[in-house]
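Descriptive analysis of the structure
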Amino acid sequence: MFAVTMSRPGGPEVLGWGEVDPPVAGAGDVVVDVRAAGVNNADLLQRQGHYPVPAGASPILGLEVSGVISGIGADVVGWSVGDRVCALLTGGGYAEQVAVPADLLLPVPAGVDLVSSAGLPEAACTVYSNLAMNAGLRAGETLLVHGGGSGIGTFAIQWAKAVGARVVATAGSAAKLDRCLELGADHVVNYRTHDFVAETRAATGGVGADVVLDIVGGDYLARNIETLAPDGRLVVIGSAGGGGAAPLDLGILMRKRASVSATTLRARPHAQKAAIVAAVRAEVWPLVDLGRIRPVVDSVFSMTDAGHAHALLAAGATVGKVLLTAPAG
Ligand SMILES: NC(=O)c1ccc[n+]([C@@H]2O[C@H](COP(=O)([O-])OP(=O)(O)OC[C@H]3O[C@@H](n4cnc5c(N)ncnc54)[C@H](OP(=O)(O)O)[C@@H]3O)[C@@H](O)[C@H]2O)c1
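Residues numbered from 1 in each chain as written. Predicted model: local features only at pLDDT ≥ 70, side-chain atom pairs only at ≥ 80, totals over all residues. Heavy atoms only, no water.

**Let's talk about the side chain of T325**
Basically, it comes down to this: A helix here means a DSSP run of H or I that spans at least four residues, while a strand means a run of E at least two residues long, and both kinds are numbered starting from the N terminus. The buried label goes to any residue with under 20% of its type's maximum accessible area, the exposed label to any with over 50%, and the partly exposed label to all in between, with areas taken from a 1.4 Å probe on protein chains only. The contact definition used throughout considers only heavy atoms, calling two residues in contact when any of these lie within 4.5 Å.
With respect to the helices and strands, T325 occurs in strand β15 (residues 321–325). A residue is classified by how much of its surface remains accessible, and T325, at 14% relative accessible area, is buried. Discounting residues that sit within four places of it in the chain, T325 has contacts with R35, A36, V115, V300, F301, S302 and M303.

**Concerning the pairing of strand β12 (residues 228–236)**
To be explicit about the condition: For two strands to count as paired, DSSP must find a minimum of two bridges between them. Handedness of a crossover is defined as follows: orient the strands so they point away from the viewer, and if the path from the first strand over the helix to the second runs clockwise, the crossover is right-handed.
Of all nine residues in β12, seven are buried, a share of seventy percent or more. Here strand β11 (residues 209–214) runs beside β12; their pairing, made up of five bridges, is parallel. From the neighbouring strand, L213 faces β12, where its bridge partner is V235. With helix α7 (residues 221–227) bridging β11 and its parallel neighbour β12, the resulting β-α-β unit is right-handed.

**Quick word on the packing of helix α3 (residues 121–134) against helix α4 (residues 151–162)**
As a reminder of what qualifies: The convention used is that axes are lines fitted to C-alpha atoms, helices contributing only their stretch in contact, and that angles between N-to-C directions extend from 0 to 180 degrees. Working definition: roughly parallel below 35 degrees, roughly antiparallel above 145 degrees, roughly perpendicular at 65 to 115 degrees, and oblique for all remaining angles. When the near helix sits turned anticlockwise from the far one by under a right angle, the crossing is termed left-handed; a clockwise turn instead gives a right-handed crossing. Following the grouping adopted for this structure description, the nonpolar residues are Ala, Val, Leu, Ile, Met, Phe, Trp, Tyr, Cys and Pro, the charged ones are Asp, Glu, Lys and Arg, and the polar ones are all others, Gly among them.
Running from amino to carboxyl end, α3 crosses α4 at an angle of 55°, the nearest separation of the two axes being 9 Å. One element, α3, and the other, α4, form an angle in the oblique class. Seen along the crossing, α3 lies across α4 with a hand that is right-handed. Packed against α3, whose contacting residues are E122, A123, A124, T126, V127, Y128, L131 and A132, the element α4 presents G151, I152, F155, A156 and W159 at the interface. Partitioned by chemical class, the residues of the contact of α3 with α4 number ten nonpolar, two polar and one charged.

**Some details on the site of the ligand**
What counts, and what does not: A single heavy atom is enough: if one lies within 4 Å of a molecule or strand, its residue is considered near that molecule or strand. Counting of polar contacts relies on pairs of N or O atoms within 3.5 Å, with two restrictions inside protein: one atom must be capable of donating a hydrogen and the other of accepting it, and residues adjacent in sequence are counted only when both atoms are side-chain atoms. Per-residue and other accessible areas follow the Shrake-Rupley method at a 1.4 Å probe size, with only the shown protein chains counted as cover for residues.
The ligand sits among 23 residues. The nearest are I152, G172, K176, Y191 and L265. G151 has a polar backbone atom sitting 2.8 Å from an oxygen atom of the ligand. Taking I237, its main chain carries an N or O atom lying 2.9 Å from a nitrogen atom of the ligand. For the ligand, whose free accessible area comes to 910 Å², the fraction covered by protein is 84%. When grouped by side-chain class, the residues that make up the shell around the ligand number ten nonpolar, ten polar and three charged.

**Comments concerning the nonpolar core**
A general trend in soluble globular proteins is that nonpolar side chains are found buried together. For clarity, the cut-off: The term nonpolar core refers to a set of buried residues drawn from Ala, Val, Leu, Ile, Met, Phe, Trp, Tyr and Cys, joined through side-chain atoms within 4.5 Å.
Judged by nonpolar contacts, the single largest core of 82 residues is most densely connected at L105 and W159. L105 has contacts with V30, V32, I69, W79, V85, C86, A87, V100 and V277, leaving out every residue within four places of it along the chain. Grouped together as the second largest cluster of nonpolar side chains are 17 residues, V197, A203, L221 and V236 included.

**A word on the sheet that holds strand β9 (residues 166–171)**
An order of β10-β9-β8-β11-β12-β13 is seen for the six strands of this open sheet, with the pairing classed as parallel. Among the strands making up the open sheet, the edge pair consists of β10 (187–190) and β13 (259–262). Neighbour-to-neighbour, the strand axes of this sheet turn through a mean angle of 15°, independent of strand direction. Pairing of β12 with β13, which is carried by four bridges, proceeds in the parallel orientation. Residue pairing across strands places R233 opposite S259, the latter belonging to β13. Across the sheet, helix α5 (residues 174–182) is in contact with β9 and β10; its angle to β10 comes to roughly 165°.

**Notes on the packing of aromatic side chains**
How we decide: Any two of the Phe, Tyr and Trp rings considered here, Trp counted by its six-membered ring, make a pair once their centres fall within 6.5 Å; the pair's planes then place it as stacked at under 30 degrees, edge-to-face at over 60, or tilted in between. Criterion for a charge above a ring: Arg CZ or Lys NZ at most 6 Å from the ring centre, at most 35 degrees from the ring normal.
The tally for this structure, following the rule as stated, stands at three aromatic pairs. With 5.9 Å between their ring centres and 90° between their planes, Y128 and W159 make a pair best called edge-to-face. One end of the pair, Y128, is in helix α3; the other, W159, is in helix α4, and 31 residues separate them in sequence. Of the two residues, Y128 and W159, neither departs from the other in class, the shared state being buried. With a centroid separation of 4.8 Å and 45° between ring planes, the pair formed by F196 and Y220 is classed as tilted. Of this pair, F196 sits in helix α6 (residues 196–203) while Y220 sits in the loop between β11 and α7, and the two are 24 residues apart along the sequence. The residues F196 and Y220 share a single accessibility class, namely buried. Across the ring face of Y51, the terminal group of R266 is positioned such that the distance to the ring centre comes to 4.8 Å.

So this is what it looks like as structure tokens:
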């Protein structure tokens, strides 16, 4: 089969298209003929040599795909050749075929086309595991989403609104803020021109956000905690601001009875990922089937043009997901 190859760590120009060994379905796996793959920031870091591939994962880029099952390994129940699926991966998605543990598969939701569904698994699993399973966001609470125009942010806004939360979203341009409002955000903040702490307080009658979903990391830590309401929960999933280390004021946390947690989906043990996928299928997919959450796709490139897709995502002007399609599909 063919896959996106990497001649060496470096810029988008190191990505090529070449022949590699096809995957084999081990026990519990299926082989998926890939229709499309989602592009994630982790792929850009891995391309640059900054994201070590987890033990046992494919060295080929790609953490999520959609496609059609073409092979079934031993001990797989509930899936058949020909099923249209999307899947969470530990790697290997930028290819014509990928082997996937069956418990990381999701059906393509009703009303979602096969290509667009490739952009759902990573965002759905990251958002649900952090906001529902970890932070326990409830109807009537307020969520502050940083990076509201990102692939993660566009999903988080829609999911939080679908479960009855109020949403404040930050983004860095008027165009992105408009899209956040279209997706259901109640209040938006341009973090380049306005103070998100003051804006969130104003939008919540001075109370603050019950949950903050943060992609910026250390640079935002103190202000995120300042933004939290009593009993608030800060969940950190990225360090787009550049740094991981920052002083933590435990006094404020204690007074607010607040908590801070940080996770990365890719590094979780397989059993945790499978539990997240099962929970997403049970609790989130019905909302997608109903059209309450839709995939937000910024652009679609051929896998043979993966370098341009990486350059576009890195430029930071996209809203929602960038996808790659397998050329034969
Ligand atoms: N922990 C996990 O399991 C996990 C899983 C998936 C993704 N992530 C992380 O979640 C983040 C979003 O991922 P994605 O794929 O959805 O990203 P994306 O679509 O590429 O969007 C990222 C957006 O973040 C915003 N941003 C960048 N630097 C910023 C800063 N310093 N302050 C505020 N906003 C900033 C930019 O929008 P503006 O124009 O608004 O600045 C940018 O477009 C990434 O950091 C990614 O690494 C984590």
